[in-house]
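So the chains spell out like this:
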Amino acid sequence: MKDDLYFYNENHTSKPMRLLFCSTNLGKTQEIQYKFGKFIDIQNLLDVGCEEAIPETANSFEGNALLKAQYGYEKFKLACFSDDSGLEVIALNNQPGVFSARYAGVPKSDKRNMDKLLFELKGLKNRKACFKTVIVYIDSSGKAFSFEGKIEGEIIEEKRGEHGFGYDPIFQPKGYAKTFAEMSLAEKSELSHRAIALEKFHAFIFKK
Ligand code: ITT
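First, a word on what this report is: a plain description of the structure on this page. Remember, it's a predicted structure, so these values are computed and weren't measured experimentally.

The rules behind the values
Residues numbered from 1 in each chain as written. Predicted model: local features only at pLDDT ≥ 70, side-chain atom pairs only at ≥ 80, totals over all residues. Heavy atoms only, no water. Helix = DSSP H or I, 4+ residues; strand = E, 2+ residues; numbered from the N terminus. Buried < 20%, exposed > 50% of the residue type's maximum accessible area, 1.4 Å probe, protein only. Polar contact = N/O pair within 3.5 Å; in protein donor to acceptor, adjacent residues only side chain to side chain. Contact = heavy atoms within 4.5 Å. Near = heavy atom within 4 Å. Nonpolar A, V, L, I, M, F, W, Y, C, P; charged D, E, K, R; others polar. Pairing = 2+ DSSP bridges.

What about the side chain of S82?
Relative to the elements of secondary structure, S82 occurs in strand β3 (residues 80-89). The class of S82 is buried, set by a relative accessible area of 0%. Engagement of the side chain of S82 in a polar contact is seen with the backbone oxygen of A65, the distance being 2.6 Å. When neighbours within four sequence positions are excluded, S82 is seen to be in contact with F21, C22, A65, K68, A69, V134, I135 and V136.

Take a look at the structure:
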(Lines give C-alpha, C1' and ligand atoms only; values in the text may rest on other atoms or scores of the structure.)
Protein backbone atom coordinates (compact mmCIF):
# COMPACT_ATOMS: atom_id res chain seq x y z
CA MET A 1 0.00 0.00 0.00
CA LYS A 2 1.18 3.50 -0.71
CA ASP A 3 3.00 5.16 2.22
CA ASP A 4 1.31 8.51 1.86
CA LEU A 5 -1.93 7.11 3.25
CA TYR A 6 -0.61 7.42 6.80
CA PHE A 7 -1.35 10.88 7.93
CA TYR A 8 -0.71 11.08 11.62
CA ASN A 9 0.39 9.02 14.50
CA GLU A 10 -1.33 9.51 17.83
CA ASN A 11 1.07 7.67 20.14
CA HIS A 12 4.23 7.66 18.05
CA THR A 13 4.55 3.91 18.46
CA SER A 14 2.46 2.73 15.58
CA LYS A 15 1.18 3.99 12.27
CA PRO A 16 -2.62 4.01 12.25
CA MET A 17 -3.94 4.04 8.72
CA ARG A 18 -5.92 7.21 8.48
CA LEU A 19 -6.99 9.10 5.43
CA LEU A 20 -8.44 12.59 5.28
CA PHE A 21 -11.78 12.85 3.49
CA CYS A 22 -12.41 16.46 2.42
CA SER A 23 -16.11 16.49 3.23
CA THR A 24 -18.52 17.47 5.98
CA ASN A 25 -21.21 15.12 4.71
CA LEU A 26 -21.92 12.45 7.32
CA GLY A 27 -23.89 10.20 4.96
CA LYS A 28 -21.00 9.98 2.51
CA THR A 29 -18.53 9.47 5.37
CA GLN A 30 -20.55 6.59 6.76
CA GLU A 31 -20.72 4.85 3.37
CA ILE A 32 -17.00 5.31 2.76
CA GLN A 33 -16.06 4.12 6.23
CA TYR A 34 -18.29 1.08 5.68
CA LYS A 35 -16.50 0.16 2.42
CA PHE A 36 -12.97 0.96 3.65
CA GLY A 37 -13.43 0.30 7.38
CA LYS A 38 -11.26 -2.78 7.60
CA PHE A 39 -8.33 -1.05 6.00
CA ILE A 40 -8.46 2.69 6.67
CA ASP A 41 -9.91 4.95 9.32
CA ILE A 42 -11.59 7.77 7.42
CA GLN A 43 -11.41 11.20 9.08
CA ASN A 44 -13.63 13.84 7.56
CA LEU A 45 -13.20 17.61 7.87
CA LEU A 46 -15.38 17.75 11.00
CA ASP A 47 -13.16 15.13 12.66
CA VAL A 48 -10.14 17.39 12.16
CA GLY A 49 -11.98 20.52 13.36
CA CYS A 50 -12.57 22.12 9.96
CA GLU A 51 -16.07 23.43 9.32
CA GLU A 52 -15.32 25.92 6.56
CA ALA A 53 -17.53 25.65 3.48
CA ILE A 54 -15.25 24.94 0.53
CA PRO A 55 -16.35 26.93 -2.54
CA GLU A 56 -17.70 24.54 -5.19
CA THR A 57 -17.57 26.81 -8.21
CA ALA A 58 -16.83 24.34 -11.01
CA ASN A 59 -19.52 23.19 -13.42
CA SER A 60 -18.69 19.48 -13.26
CA PHE A 61 -18.48 16.83 -10.55
CA GLU A 62 -14.84 16.26 -11.38
CA GLY A 63 -14.05 19.98 -11.18
CA ASN A 64 -15.70 20.36 -7.78
CA ALA A 65 -14.13 17.17 -6.45
CA LEU A 66 -10.74 18.53 -7.47
CA LEU A 67 -11.42 21.87 -5.73
CA LYS A 68 -12.34 20.07 -2.49
CA ALA A 69 -9.33 17.75 -2.55
CA GLN A 70 -6.97 20.62 -3.40
CA TYR A 71 -8.37 22.60 -0.49
CA GLY A 72 -7.62 19.74 1.92
CA TYR A 73 -4.19 19.10 0.46
CA GLU A 74 -3.17 22.77 0.70
CA LYS A 75 -4.60 23.29 4.18
CA PHE A 76 -3.33 20.12 5.85
CA LYS A 77 -0.33 19.22 3.63
CA LEU A 78 -1.58 15.64 3.54
CA ALA A 79 -2.69 13.12 0.99
CA CYS A 80 -6.48 13.29 0.95
CA PHE A 81 -9.57 12.65 -1.15
CA SER A 82 -12.97 14.15 -1.87
CA ASP A 83 -16.31 13.06 -3.34
CA ASP A 84 -18.48 15.27 -5.50
CA SER A 85 -21.75 13.72 -6.45
CA GLY A 86 -25.32 14.40 -7.44
CA LEU A 87 -28.45 13.40 -9.21
CA GLU A 88 -29.09 14.01 -12.91
CA VAL A 89 -32.74 13.86 -13.97
CA ILE A 90 -33.26 13.36 -17.70
CA ALA A 91 -36.59 15.24 -17.97
CA LEU A 92 -35.01 18.23 -16.19
CA ASN A 93 -32.06 18.49 -18.55
CA ASN A 94 -29.79 16.67 -16.10
CA GLN A 95 -30.62 19.01 -13.21
CA PRO A 96 -30.00 19.27 -10.26
CA GLY A 97 -26.54 17.86 -11.15
CA VAL A 98 -23.75 19.78 -9.46
CA PHE A 99 -26.42 21.79 -7.60
CA SER A 100 -27.92 18.70 -5.92
CA ALA A 101 -26.91 19.64 -2.36
CA ARG A 102 -28.43 23.12 -2.60
CA TYR A 103 -31.23 22.49 -5.12
CA ALA A 104 -33.86 24.15 -2.90
CA GLY A 105 -31.46 26.84 -1.63
CA VAL A 106 -29.44 27.33 1.53
CA PRO A 107 -29.23 26.15 4.23
CA LYS A 108 -29.09 22.68 2.67
CA SER A 109 -32.15 20.54 3.32
CA ASP A 110 -32.67 17.01 2.04
CA LYS A 111 -36.41 17.32 2.67
CA ARG A 112 -36.82 20.57 0.74
CA ASN A 113 -34.61 19.25 -2.09
CA MET A 114 -36.75 16.13 -2.46
CA ASP A 115 -40.02 18.09 -2.23
CA LYS A 116 -38.82 20.47 -4.95
CA LEU A 117 -37.77 17.59 -7.22
CA LEU A 118 -41.10 15.78 -6.74
CA PHE A 119 -42.92 19.02 -7.52
CA GLU A 120 -40.88 19.60 -10.72
CA LEU A 121 -41.63 16.04 -11.89
CA LYS A 122 -45.32 16.07 -11.01
CA GLY A 123 -47.33 14.51 -13.85
CA LEU A 124 -44.24 13.65 -15.92
CA LYS A 125 -43.94 10.12 -17.29
CA ASN A 126 -40.20 10.18 -17.88
CA ARG A 127 -38.74 9.86 -14.39
CA LYS A 128 -35.36 8.46 -15.42
CA ALA A 129 -32.39 9.70 -13.45
CA CYS A 130 -28.88 8.74 -12.52
CA PHE A 131 -26.59 9.31 -9.58
CA LYS A 132 -22.97 10.15 -10.30
CA THR A 133 -19.93 10.36 -8.05
CA VAL A 134 -16.42 11.51 -8.80
CA ILE A 135 -13.76 10.81 -6.20
CA VAL A 136 -10.52 12.76 -6.46
CA TYR A 137 -7.48 11.55 -4.55
CA ILE A 138 -4.41 13.74 -4.16
CA ASP A 139 -1.30 11.86 -3.13
CA SER A 140 1.46 13.22 -0.91
CA SER A 141 3.32 14.63 -3.92
CA GLY A 142 0.24 16.63 -4.96
CA LYS A 143 -0.70 14.45 -7.93
CA ALA A 144 -4.46 14.08 -8.49
CA PHE A 145 -6.30 10.93 -9.59
CA SER A 146 -10.03 10.58 -10.24
CA PHE A 147 -12.48 7.68 -10.03
CA GLU A 148 -16.08 7.72 -11.27
CA GLY A 149 -19.22 5.82 -10.47
CA LYS A 150 -22.72 6.02 -11.93
CA ILE A 151 -26.03 4.24 -11.37
CA GLU A 152 -29.24 4.59 -13.36
CA GLY A 153 -32.71 4.48 -11.93
CA GLU A 154 -35.88 6.50 -11.56
CA ILE A 155 -37.46 9.06 -9.28
CA ILE A 156 -40.50 7.52 -7.67
CA GLU A 157 -43.63 9.55 -6.86
CA GLU A 158 -43.52 9.43 -3.06
CA LYS A 159 -40.71 9.05 -0.54
CA ARG A 160 -40.07 5.53 0.72
CA GLY A 161 -37.58 4.34 3.33
CA GLU A 162 -35.68 5.72 6.28
CA HIS A 163 -32.05 4.86 5.59
CA GLY A 164 -29.33 6.78 3.81
CA PHE A 165 -29.26 10.50 3.12
CA GLY A 166 -29.97 13.09 0.44
CA TYR A 167 -32.35 11.91 -2.28
CA ASP A 168 -32.24 8.23 -1.21
CA PRO A 169 -35.99 8.01 -0.34
CA ILE A 170 -37.03 8.95 -3.90
CA PHE A 171 -34.37 7.14 -5.97
CA GLN A 172 -35.02 3.56 -7.05
CA PRO A 173 -32.12 1.94 -8.91
CA LYS A 174 -32.91 0.18 -12.20
CA GLY A 175 -33.77 -3.51 -11.68
CA TYR A 176 -34.66 -3.11 -7.97
CA ALA A 177 -38.01 -2.76 -6.23
CA LYS A 178 -36.57 -0.77 -3.31
CA THR A 179 -35.36 2.81 -3.04
CA PHE A 180 -31.84 3.43 -1.72
CA ALA A 181 -33.49 4.50 1.56
CA GLU A 182 -35.21 1.11 1.87
CA MET A 183 -31.85 -0.65 1.54
CA SER A 184 -29.47 -1.29 4.41
CA LEU A 185 -26.06 0.35 4.35
CA ALA A 186 -24.65 -3.03 3.26
CA GLU A 187 -27.12 -3.34 0.36
CA LYS A 188 -26.59 0.21 -0.91
CA SER A 189 -22.84 -0.28 -0.60
CA GLU A 190 -22.99 -3.18 -3.08
CA LEU A 191 -24.37 -1.17 -5.96
CA SER A 192 -24.38 2.60 -5.54
CA HIS A 193 -22.57 5.19 -7.67
CA ARG A 194 -20.30 5.84 -4.68
CA ALA A 195 -19.60 2.13 -4.19
CA ILE A 196 -18.53 1.83 -7.86
CA ALA A 197 -16.16 4.82 -7.58
CA LEU A 198 -14.83 3.56 -4.23
CA GLU A 199 -14.04 0.14 -5.65
CA LYS A 200 -11.90 1.78 -8.35
CA PHE A 201 -10.21 3.99 -5.73
CA HIS A 202 -9.61 1.00 -3.47
CA ALA A 203 -8.01 -0.98 -6.31
CA PHE A 204 -5.76 1.98 -7.04
CA ILE A 205 -4.47 2.54 -3.53
CA PHE A 206 -4.11 -1.09 -2.48
CA LYS A 207 -2.86 -2.75 -5.64
CA LYS A 208 -0.42 -0.16 -6.85
P1 ITT B 1 -19.33 17.73 0.82
O2 ITT B 1 -19.15 18.69 -0.35
O3 ITT B 1 -18.90 18.31 2.14
O4 ITT B 1 -18.74 16.38 0.53
P5 ITT B 1 -22.13 17.90 0.05
O6 ITT B 1 -23.38 17.26 0.58
O7 ITT B 1 -22.16 19.40 -0.15
O8 ITT B 1 -20.92 17.48 1.02
P9 ITT B 1 -21.91 17.51 -2.80
O10 ITT B 1 -21.62 18.93 -3.09
O11 ITT B 1 -21.14 16.44 -3.53
O12 ITT B 1 -21.72 17.17 -1.27
O13 ITT B 1 -23.48 17.31 -3.03
C14 ITT B 1 -23.95 16.04 -3.21
C15 ITT B 1 -25.45 16.03 -2.96
O16 ITT B 1 -26.03 15.08 -3.85
C17 ITT B 1 -25.75 15.53 -1.55
O18 ITT B 1 -25.84 16.60 -0.63
C19 ITT B 1 -27.05 14.79 -1.76
O20 ITT B 1 -28.11 15.71 -1.76
C21 ITT B 1 -26.90 14.23 -3.16
N22 ITT B 1 -26.32 12.87 -3.10
C23 ITT B 1 -25.05 12.49 -3.45
N24 ITT B 1 -24.88 11.18 -3.24
C25 ITT B 1 -26.04 10.72 -2.76
C26 ITT B 1 -26.50 9.47 -2.34
O27 ITT B 1 -25.71 8.40 -2.33
N28 ITT B 1 -27.75 9.36 -1.92
C29 ITT B 1 -28.58 10.41 -1.90
N30 ITT B 1 -28.23 11.65 -2.26
C31 ITT B 1 -26.97 11.81 -2.68
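Notes on the site of the ligand
Close contacts around the ligand come from 22 residues, with S23, K28, K68, D168 and K188 the closest. In this structure, an oxygen atom belonging to the ligand sits 2.9 Å away from a side-chain N or O atom of K108. Residue D168 places a side-chain N or O atom 2.6 Å away from a nitrogen atom belonging to the ligand. Of all the secondary structure elements, the ones that give two or more residues to the shell around the ligand are β3 and α5 (193-207). Take the shell around the ligand: its biggest share by element is four residues, from β3. Among the residues forming the shell around the ligand, the class breakdown is four nonpolar, eight polar and 10 charged.

Side note on the pairing of β3
Here β3 lies mainly inside the structure; 10 of its 10 residues are buried. Two elements, strand β1 (residues 18-21) and β3, share two bridges in a ladder whose sense is parallel. Counterpart to F21 in the pairing with β3 is F81. In terms of strand pairing, β3 meets strand β5 (residues 128-138) through 10 bridges, oriented antiparallel. When the bridges of β5 are listed, S82 appears paired with V136.

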